[in-house]
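Report on the structure
Now for the letters of each chain:
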Amino acid sequence: MLTFNPFHRCTQYRISLWQCPQFLFTIMGIFIIFSSIALYSLGQRYISDPRLAALLVIMVSMVLLIISFIISNSFENLAQANRMKSEFINIVSHQLRAPLTNLRWATQFLLSEDFQKSARKEKEEYFDIISENSNRMEGLIDDLLVISRLEEGKLNTKKNLFSLESLVKEVLKEYEIFLEANNIKVEFSLSRRLPKVFASYPLVKIVLENLISNAINYSQGAKKIIIELKRKRNNLIFSIQDQGIGIPPEDQKLIFTRFFRAKNAVQTEVHGTGLGLFIVKLILDRMAGKIWFKSKLGKGTTFYFSLPIIKT
Amino acid sequence: MIGGYFKNMKKILLIEDEAALQKTLGKALMNLGYDVKSALDGELGLRLAKEEKPNLVLLDLILPKMHGLDVLKNMRDQDETKEIPVVILTNLENMAEVERAIELGATTYLVKSNYNLEEVVNKIKKVLGDE
């Protein structure tokens, strides 16, 4: 069954109705019809002076001109959204090319004659390359699917009541190996009797996974990560503090943009997708929560997010 | 015969942060008899270029510590490295930067994702004049 929705392009790109060309054209059309009928009726009855009639026609034309101008501007928004989509696709294919090249050349190397003469130990390195880069590509594709579904509103955001504290503990358990491998201690402090949050469990889990893995990846040496949960009026506030490299002030406003990696992060050679914080912000925006951070270069960063609590 | 052996001991400096590429491209070139030096970041790459004075530098653009274009600019500004041929390795993500690199004096560029390992190696041999 076809549904007739002339504004679907705008909803797809999440452009507001007043910026949507199709909607504005409809308004313009309605305006033309009404003003024509009104002018004709009024003209017939009240207006004998042709100059007055001319003035009214000019006024109507000016209004139409203004509406047309607004419409052309709105096309620009649609074009921009389209451009951003292609740009995104470009960046994505680039991100996938690097691990793919690694994979291809490693397999070609494995198949080459020279290689047959190599030692067993050496051979394993190449299988590792294949495995690592396949995982890298898989991680990127997963992130992209999450973003795509979030942006189109298709991700299952069914909410339920759950304890944020238990979810945090669950995610920490997932990362236990990495914490141990990097010699990082986690301090987890909670206020007493925290209420449950009403939110999407899988989405909050993604937020926690991203924030915790960032804290681990950007911590240098044997350090601490401090996690706190506390209630502030109608919100539950989660904070995670690391003692890592910090975020340079000039990069702070870009930290939630796609594929962004701050200059000092690139220099520590962390191979992530660069999409983590972008996803986190998308999710929290979707859940009417907030995300913010404080950071000092060389000292560390604290990320905070808040989720609304249902008043019982 | 001795001449033949030394002909292949040309030095190649591979400045590339993907360790996998050092192990595949680097090793493939080594197997052909080239003396391959590796650098995983721009700073080290520049230093090795000055110290080793290789016959060819293979330069990635996105590098830790110093961007590929800065490495190139530094190389072209200094007498000891001014004449060394540089081939940019790229994955097509930054063609504007590649053009800038050619302006700055890079010899040519190679799009990694377009070629097989063997093809890339052959192109490098060609640049070195070792058909």
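**A short note on the overall build of chain B**
Scanning chain B for helices and strands turns up 6 helices and 5 strands. Sequence-ordered secondary structure for chain B, helices as α and strands as β, is α-β-α-β-α-β-α-β-α-β-α. Here chain B, with 131 residues, has 40% of them falling under the buried criterion. For chain B, contacts bridging at least 24 residues in sequence account for 59% of all contacts bridging at least 6.

**Quick word on unusual backbone geometry**
As a rule of thumb, non-glycine residues mostly have phi less than zero, and peptide bonds are mostly trans rather than cis. All names here are of chain A. Despite not being glycine, R193 shows a phi value in the positive range, around 45°. In this fold, R193 is placed in the loop between strand 2 (185-190) and strand 3 (197-199). You can call R193 exposed: it has 6 C-beta atoms within 10 Å. Residue R233 is not a glycine yet carries a positive backbone phi of 50°.

**Some words on the pairing of strand 1 (residues 11-15) of chain B**
Consecutive residues of a regular strand have side chains that alternate between opposite faces of the sheet. Residues and elements named next belong to chain B. In terms of residue burial, strand 1 counts as a mostly covered element, since 4 of its 5 residues are buried. In terms of strand pairing, strand 1 meets strand 2 (residues 35-39) through 5 bridges, oriented parallel. Within the sheet, the bridge partner assigned to K11 lies in strand 2 and is D35. Note that the unit made of strand 1, helix 2 (residues 19-31) and strand 2 has a crossover that is right-handed.

**Digging into the confidence of the model for chain B**
With 92% of its residues at a pLDDT of 70 or more, chain B has an overall mean of 87. Scored as a whole, the predicted complex attains pTM 0.65, and scored at its interfaces, ipTM 0.85.

**With respect to the packing of helix 3 (residues 42-52) of chain B against helix 4 (residues 68-77) of chain B**
All names here are of chain B. For the pair helix 3 and helix 4, interaxial distance at closest approach is 9 Å and the crossing angle is 20°. With respect to their mutual orientation, helix 3 and helix 4 come out roughly parallel. Judged by the twist between their axes, the crossing of helix 3 over helix 4 is right-handed. Where helix 3 abuts helix 4, its residues G42, G45, L46 and A49 lie against G68, D70, V71, N74 and M75. Across the contact of helix 3 with helix 4, the residue classes tally to 4 nonpolar, 4 polar and 1 charged.

**Quick look at the interface of chain A and chain B**
Counting residues at the interface gives 17 residues for chain A and 20 residues for chain B. Counting only elements with at least two residues in the side of chain A that touches chain B, the list comes to helix 3 (50-111), helix 5 (120-151) and helix 9 (263-267) of chain A. If one sorts the elements of the side of chain A that touches chain B by residue count, helix 3 of chain A sits on top with 10 residues. In terms of residue class, the side of chain A that touches chain B is made up of 7 nonpolar, 6 polar and 4 charged.

**Some points on the nonpolar core**
In this structure, I15, V57, L58, L59, V86 and I88 of chain B are the most contacted members of the largest nonpolar core, which totals 43 residues. Each residue touching V86 of chain B, except ones within four places of it in the same chain, is listed here: V57, L59, L72, M75, A106 and T107 of chain B. Within the second largest apolar cluster, 34 residues are counted, among which are L164, A199, I245 and I279 of chain A.

**A few points about the sheet that holds strand 7 (residues 300-308) of chain A**
Residue and element names in this part refer to chain A. Spatially, 2-4-5-7-6 is the arrangement adopted by the 5 strands of the open sheet, whose pairing is mixed. The sheet is open, and its two edges are formed by strand 2 and strand 6 (290-296), each paired on a single side. Between one strand and the next, the sheet's axes are offset by a mean angle of 15°, whatever the strand orientation. Where strand 2 and strand 4 (residues 224-232) come together, 6 bridges link them in parallel fashion. Of the residues in strand 4, the one forming a bridge with K185 is K224. Across the sheet, helix 8 (residues 201-217) touches strand 4, strand 5 (235-242) and strand 7, and the angle it forms with strand 5 is around 25°.

**A closer look at the sheet that holds strand 5 (residues 108-111) of chain B**
Two orientations exist for strands paired in a sheet by backbone hydrogen bonds: parallel and antiparallel. Residue and element names in this part refer to chain B. Strand order in the open sheet formed by 5 strands is 2-1-3-4-5, and the pairing between neighbours is parallel. Both outer strands of the open sheet, strand 2 and strand 5, are each paired with one neighbouring strand and no more. Within the sheet, the average angular offset between the axes of one strand and its neighbour, ignoring direction, is 20°. Summarising the sheet, strand 1 and strand 3 (residues 56-60) pair through 4 bridges and their orientation is parallel. Within the sheet, the bridge partner assigned to I15 lies in strand 3 and is L59.

Definitions and limits used
- Residues numbered from 1 in each chain as written.
- Chains lettered and ligands numbered in written order.
- Predicted model: local features only at pLDDT ≥ 70, side-chain atom pairs only at ≥ 80, totals over all residues.
- Helix = DSSP H or I, 4+ residues; strand = E, 2+ residues; numbered from the N terminus.
- Buried ≥ 20, exposed ≤ 12 C-beta atoms within 10 Å, placed from the backbone.
- Contact = placed C-beta atoms within 7 Å.
- Pairing = 2+ DSSP bridges.
- Right-handed = clockwise from strand over helix to strand, strands pointing away.
- pLDDT = per-residue confidence, 0-100.
- Axes fitted to C-alpha atoms, helices over the stretch in contact; angles between N-to-C directions.
- Parallel < 35°, antiparallel > 145°, perpendicular 65-115°, else oblique.
- Left-handed = near helix turned anticlockwise from the far one by under 90°.
- Nonpolar A, V, L, I, M, F, W, Y, C, P; charged D, E, K, R; others polar.
- Core = buried A, V, L, I, M, F, W, Y, C linked by C-beta atoms within 7 Å.

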